[in-house]
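Structural overview for review
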Amino acid sequence: MNEDAMAAALAARNKDAQILGVFDTTTESDATIGSRRLGEAIQFVANASILGYDVRAAMVMYGKSGTPSLRARDCEQLWAKYGEALLRQ
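Residues numbered from 1 in each chain as written. Predicted model: local features only at pLDDT ≥ 70, side-chain atom pairs only at ≥ 80, totals over all residues. Heavy atoms only, no water.

Moving on: the pairing of strand β1 (residues 16-20). Alternating positions in β1 separate cleanly, A17 and I19 being buried on one face and D16, Q18 and L20 remaining unburied on the opposite face. Pairing between β1 and strand β4 (residues 36-37): two bridges, direction antiparallel. Its bridge partner lying in β4, A17 is registered against R36. Of the pairings in the sheet, the one linking β1 to strand β6 (residues 59-62) comprises four bridges and is antiparallel in character. (Buried < 20%, exposed > 50% of the residue type's maximum accessible area, 1.4 Å probe, protein only. Helix = DSSP H or I, 4+ residues; strand = E, 2+ residues; numbered from the N terminus. Pairing = 2+ DSSP bridges.)

Considering the arrangement of structural elements, one finds N14 in the loop between α1 (3-11) and β1. For the pair N14 and Q89, spaced 75 residues apart in the sequence, the C-alpha separation amounts to 6.5 Å. Not counting chain neighbours up to four residues away, the residues in contact with N14 comprise R37, R88 and Q89. Looking at N14, its side chain comes within polar contact range of the side chain of R37, at 2.6 Å. (Contact = heavy atoms within 4.5 Å. Polar contact = N/O pair within 3.5 Å; in protein donor to acceptor, adjacent residues only side chain to side chain.)

With that settled, consider α1. Of all the residues in α1, the buried ones are M6, A9 and L10. Viewed end-on, α1 has its buried residues packed into an arc of 100 degrees, placing them on one side of the element. Exposed side chains of α1 directed beyond 90 degrees from the buried face belong to D4 and A11. Those residues of α1 hidden inside the fold are in contact with α2 (38-47), β6 and α3 (72-82). You can read the cap of α1 off the contacts: a side-chain oxygen lies 3.1 Å from the backbone nitrogen of D4, and it is on N2. (Arc of directions from axis to C-beta.)

Of note, R13 is situated in the loop between α1 and β1. Within the buried set, R13 has no salt-bridge partner at all; the shortest N-O distance to an opposite charge, 10 Å, is to E84. With residues near it in sequence (within four places) discarded, R13 still touches R37, L38, G39, A85, L86, R88 and Q89. (Lys, Arg positive; Asp, Glu negative; His and termini not counted. Salt bridge = Lys/Arg side-chain N within 4 Å of Asp/Glu carboxyl O.)

The tally for this structure, following the rule as stated, stands at four salt bridges. The salt bridge involving E76 is made with R73; its shortest N-O contact spans 3.3 Å. Pair noted here: E76 and R73 are both in helix α3, with a separation of three residues, about one helical turn.

As a further point, take the sheet that holds strand β3 (residues 29-30). The strand order across the open sheet formed by three strands is β3-β2-β5, and the pairing between neighbours is antiparallel. The sheet terminates laterally at β3 and β5 (53-54), the two strands that pair on one side only. With two bridges joining them, strand β2 (residues 23-24) and β5 adopt antiparallel strand pairing. Within β5, the residue paired with D24 across the bridge is Y53.

Structure representation (structure tokens):
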């Protein structure tokens, strides 16, 4: 993920986001994750494996149609770079 895309995601941290493609390894079923702010969605996906989720197929969708979705690796990079700043309003 390039610096411009990372900065754009940080700027959009308060927009509504949907998380798709998360698998709950405890119940062995697809997890239903409700809508949340983008910053919270990034935090969830970046840390989901320690909570018992498989996010290899996860996508975080936000913004207008055509905005690129974020994959698990993108979320990990964003969380590592911005951390708590993603959760600020």
